Amino acid sequence: VGSANLVFTTGNPLPADGKIILEFPTTFHAVAATSATKVSGIDGTIAASTTGRVVTITRSGGSEITAGTEVTVTIPSVTNQKFAGSSGAFVALYTTISSGAKIDEATSGSSTLPPAVTFTPSTFGGVGSTVTPASLVAGGTGSADLVFTTGNPIPADGKIVVEFPTTFVAVSASAATAGSGIDGSLTASTSGRAVTITRSGDGAVIDAGTEVTITIPSITNQKYEGSSGVFVALKTTLSDGSTRIDEATSATSTLPSAVTFTPSTFGGIATTVTPASLVAGASGNAVLVFTTENPIPADGKIVVEFPTTFHAIATTAATPGAGIDGNLAASSTGRAVTITRSGGSEIAAGVSVTITLPSVTNQKYEGSSGVFVDLKTTLSDGSTRIDQATAGSSTLPSAVVFTPSGFSGVTPTLVPVSSVAGEATSLEVTFRTANPWPRDGKLIFTMPNTFHSKIDNSQLVSNLNNVDGTMSATITGTGPWTLTCTRSSDGSEVAAGVDVTLRVRTRLYNQKFEGASGAFPLIKTTLADGTTAIDESSAEADAIGGIPGSITFTPSGWGGTTPTVVPVSLIAGAVTDATVTFTTANPWTADGKLIFEVPDTFTNVGAASVAITSGVDGTFTVAQTGTTTVLASTLKTAGGPWVVTITRAGDGATVATGTQVVIVLTDVTNQQHEGSSGTFPLFKTTLADGTTAIDESSSEADAVGIVPPAVTFTPSGWGGTTPSIVPVSMIAGAVTDATVTFTTGNPWTADGKLIFEVPDTFTNVGAASVAITSGIDGTFAVAQTGTTTTLASTLKTAGGSWVVTITR
């Protein structure tokens, strides 16, 4: 809508009150001039009126316009036709005198009628239009909403044409859905990426200035991120499809703007990165698996960024697996690996792809790696994303959970400095690091509940090998016991593969009897938090280290005292009680046993009861085992040794450490001659099983106690009778036999001797044989020693005494 300039040249003069009549073609939408404006070649005043599309301009107050004058008049309120194209020639133009008689008249034959004017389409009123896909994800398929504001009316059978940029993969709309600002039914057809929407004539004309929304289906976005580029065309037309009503242009910024696509997210399918080993610190391959949502070109790239918890990524190659062909090259920057394709074909959408990445080093401690930082596929430029995994779509490779390493496959050891039962000792802890042990890390190990009560909490740690700085230690529990050694950050990190030895004063007693401690159920190095394991041996399912083996405790040795077994009578052959004395180094249980061995020098052990006790209460049973004594004419010919077992009946109290115990055992027969019994080769207290020693003295290698010493027997005294040596003749100076009489207190062996001394009051002893015997058989030899008798005139002056030996 605006003015139109009428320009003509007078063929004849135009009087001062003359008129100019112009009739517009019917294609003009409206002519409503009620005034006109002089421009050139005309003076005075002019008035105007309009009937239909005929405008009459009337002069007044001016001078005659001479022939041959070019006149220009501006006519306002002219509304152009509502579509592009030719208006057609003007219908009439003539000048008249005031009465209406024509002066000049334009005709088509003279080609003086104003020619047709050609209208261009409007540009949607200068209002920008938009095309918005329902999804802006690369490769997405769905509808797109077209929104525009009419610059001119769209007839009920008009058309709307929109052409998508070539970046869109496909446009295959065969229908359209009317939204706001438009009624009636719509049909659609597609040619290439141009969609023509046709109104079916059953709706109303859409007025100028109306915002129209139409939904177009079956649109497939470009297959990678970035701008689509500005839309190619948008126009409204008459029903012929070619006569434009509105047309968007780049100059007027009315073409639908480019849309920006985001990368797809692997179809919402989770991706994975799985290291070949989940052991902390392990180095090896990792397998990347993802499913394409959009194709990867033959020269495309795949980028995966590992979490910073991974120790190192040094991938310089990659191996294609399922779903990918051609060659792969790889490079690493930090923890990001870029895999570049070459020599293969495009990978279609929806393909599961597997790629193996070498030289991946796991984090150096147990726990979650954290979600992977990035995974994307790109065009060859490496920056234009095709698919990208995101946390929001749960498509980033999930965290992997690492298990602790296992001390480089070397089983740690915990060895007590002393393995003697009941002693308070230190432990030497030795292990080989498979992963570094930080300067503020901890060593935690559990001691089995076979160890005994805590002395106090003053643990000390000594660094013996390959670890520096100071350490503190604490102990918790009531059995089993957990001991935590904490590095104080004043040393250096212990590298992987280092053999470390610590000595820890645990302040615990060893178990109170011999035998296995049981395995140490846990040993691990950790970060400063004390829970995140670095290396670990335990019963946990994820621990691969060997558990430190059981240690074997040896029996204690009576606290350094020597036990004794002493007969009440030491006279050879006496049947007597024996006093058993010992001091406990470890407690003796109420159902425990005392076991000792009596050497076979004794004649017999018939012990069946305990007579007297001290330092121990309750009742006892006594048993012995050994070879039964055999006597021949009261002489022991076989028997022993004997193992005596005194069993506590469980009705007394435990005998505490450091208690002197005295037990008097009945019915022991001493050896039948004077001399040493020999040591008692075994002496021990045990648990109720009779085998697990508490304190022990024996010849076993692990026994530290001293065996009970030998006892020394004295000879018996002829059964309480007095032996006699009486000459047959009592006459002085007589040479006579002597009768030797005695009663044996112990058997006299068949090869034994009788030895007696004859005083030097006798003149001479020349005995060389035995004349008569009683109570004895066999033959004899007789010898004597002494000073030879000297006679002077038959008077003895020297000689004697004589020792006579009668040998059977």
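The preceding data block contains the structure.
Now for a look at the structure at hand. What you see is a predicted model, and the numbers here were worked out from it, not measured in a lab. (Residues numbered from 1 in each chain as written. Predicted model: local features only at pLDDT ≥ 70, side-chain atom pairs only at ≥ 80, totals over all residues. Heavy atoms only, no water.)

The next point concerns the overall build of the chain. Per the secondary structure count, the chain includes zero helices and 67 strands. The C-alpha atoms of the chain give a radius of gyration of 63 Å, which is well past the 28 Å a tight globule of 808 residues would have. When the 808 residues of the chain are sorted by exposure, 42% land in the buried category. Sequence separation of at least 24 residues holds for 74% of the intrachain contacts in the chain that already meet a minimum separation of 6. In the structure as shown, the chain presents an accessible area of about 34800 Å², 54% of it carried by carbon and sulfur atoms. A gap of 7 Å separates the mean positions of the 35 positive and 59 negative side-chain charges of the chain. (Helix = DSSP H or I, 4+ residues; strand = E, 2+ residues; numbered from the N terminus. Rg over C-alpha atoms; globule rule 2.2 N^0.38 Å. Buried < 20%, exposed > 50% of the residue type's maximum accessible area, 1.4 Å probe, protein only. Contact = heavy atoms within 4.5 Å. Areas by Shrake-Rupley, 256 points an atom, 1.4 Å probe, with all protein chains shown as cover. Lys, Arg positive; Asp, Glu negative; His and termini not counted. Charge placed at Lys NZ, Arg CZ, Asp CG, Glu CD.)

Note: strand β47 (residues 564–567) against strand β48 (residues 575–583), four bridges, orientation antiparallel. Along β48, the bridge assignment pairs valine 565 with valine 580. Where β48 meets strand β56 (residues 660–669), eight bridges bridge the pair, whose relative direction is antiparallel. The residue bridging threonine 581 from the neighbouring strand is valine 662, located in β56. (Pairing = 2+ DSSP bridges.)

Attention now goes to the sheet that holds strand β2 (residues 19–23). Taken together, five strands build an open sheet; the order of strands is β5-β6-β2-β9-β10 and the sheet is antiparallel. With one partner strand each, in any of the chains shown, β5 (45–51) and β10 (102–105) form the two edges of the open sheet. Going from strand to strand, the sheet's axes swing by 20° on average, the running direction of each strand aside. With five bridges joining them, β2 and strand β6 (residues 54–60) adopt antiparallel strand pairing. When the sheet's bridge partners are listed, isoleucine 21 is paired in β6 with threonine 56. (Axes fitted to C-alpha atoms, helices over the stretch in contact; angles between N-to-C directions.)

The next thing to look at is the packing of aromatic side chains. Applying the stated criterion to the full structure yields 27 aromatic pairs. Measuring from centroid to centroid gives 5.1 Å for phenylalanine 24 and phenylalanine 28, while their planes differ by 75°, and the two rings are edge-to-face. On the numbers, 5.7 Å between centres and 50° between planes, the contact of phenylalanine 28 with phenylalanine 90 is tilted. With a gap of 62 residues between them, phenylalanine 28 in the loop between β2 and β3 (30–31) and phenylalanine 90 in the loop between β8 (85–86) and β9 (92–96) connect regions that are remote in the sequence. Neither phenylalanine 28 nor phenylalanine 90 differs from the other in exposure class; each is buried. Grouped by ring-pair contacts, the aromatic residues Trp558, Phe582, Trp588, Phe596 and Phe683 constitute a single cluster. The positively charged end of arginine 487 is found above the aromatic ring belonging to tryptophan 437, 5.2 Å away from the centroid. (Phe/Tyr/Trp six-rings, centres within 6.5 Å; stacked < 30°, edge-to-face > 60°. Lys NZ or Arg CZ within 6 Å of the ring centre and 35° of its normal.)

The tally for this structure, following the rule as stated, stands at 11 salt bridges. Of the charged contacts in the structure, one is a salt bridge between aspartate 325 and arginine 341, with a shortest N-O distance of 2.9 Å. Taken together, the residues span a long stretch of sequence, with aspartate 325 in the loop between β28 (319–320) and β29 (327–333) and arginine 341 in strand β30 (residues 336–342) at a distance of 16 residues. Relative accessible area serves as the criterion here: at 2%, arginine 341 is assigned to the buried category. (Salt bridge = Lys/Arg side-chain N within 4 Å of Asp/Glu carboxyl O.)

So, on to the side chain of threonine 69. The residue threonine 69 is located in the loop between β6 and β7 (70–79) in this model. Contact partners of threonine 69, with chain neighbours within four places excluded, come to Phe8, Thr9, Thr10 and Gly41.

Okay, the sheet that holds strand β44 (residues 522–526) next. Read from one edge to the other, the open sheet built from five strands follows the order β40-β41-β38-β44-β45, with strand pairing classed as antiparallel. Edge positions in the sheet fall to β40 (471–476) and β45 (533–538), since each of these pairs with one other strand and no more. Between one strand axis and the next, the sheet turns through 10° on average, direction left out of account. Bridge count for strand β38 (residues 442–447) against β44 is five bridges, and the pairing is antiparallel. Bridge pairing in β44 places isoleucine 444 opposite lysine 524.

Take the environment of serine 729 next. In this fold, serine 729 is placed in the loop between β61 (724–727) and β62 (738–741). For the pair serine 729 and alanine 298, spaced 431 residues apart in the sequence, the C-alpha separation amounts to 143 Å. Residues contacting serine 729, with those up to four places away along its chain left out, are Ala734 and Thr736.

It is worth spelling out unusual backbone geometry at this point. Across residues other than glycine, the phi torsion is negative in most instances, and most of the peptide bonds are trans. Look at the link from glycine 479 to proline 480: it is a cis peptide, with omega at 0°. Positionally, proline 480 belongs in the loop between β40 and β41 (481–487). With an omega of -5°, the peptide bond running from glycine 800 to serine 801 counts as cis. Within the secondary structure layout, serine 801 lies in the loop between β66 (795–798) and β67 (802–807). Its identity as a non-glycine residue notwithstanding, phenylalanine 124 has a phi of 55°, on the positive side.

Turning next to the side chain of threonine 315. Inspection of the secondary structure puts threonine 315 in the loop between β27 (312–313) and β28. When its relative accessible area of 0% is taken as the criterion, threonine 315 is described as buried. Of note is the side chain of threonine 315, whose polar atom sits 2.6 Å from the backbone oxygen of proline 358. Excluding residues that lie within four positions of it along the chain, threonine 315 makes contacts with Ala330, Ser331, Ser332, Val337, Leu357, Pro358, Ser359 and Val360. (Polar contact = N/O pair within 3.5 Å; in protein donor to acceptor, adjacent residues only side chain to side chain.)

Moving on to the pairing of strand β21 (residues 233–237). Counting buried positions along β21 gives four out of five residues, so the element sits mostly inside the fold. Inspection of the sheet shows β21 paired to strand β22 (residues 244–247) by three bridges, in the antiparallel sense. For lysine 235, the partnering residue across the bridge sits in β22 and is glutamate 247. Between the antiparallel neighbours β21 and β22 lie six residues, among them glycine 241 with a positive phi of about 80°.

By the element assignment, threonine 377 lies in strand β33 (residues 374–378). For threonine 377, a relative accessible area of 1% puts it in the buried group. Taking C-alpha positions, threonine 377 is 23 Å from alanine 258, a pair spaced 119 residues apart along the chain. Sequence-distant contacts of threonine 377, that is, excluding residues within four places in its chain, are made with Phe266, Phe290, Ile296, Lys301, Ile302, Thr384, Arg385, Ile386 and Asp387.

Another point: the environment of serine 492. Checked against the element boundaries, serine 492 lands in the loop between β41 and β42 (499–509). Here serine 492 falls in the partly exposed class, since its relative accessible area comes to 38%.

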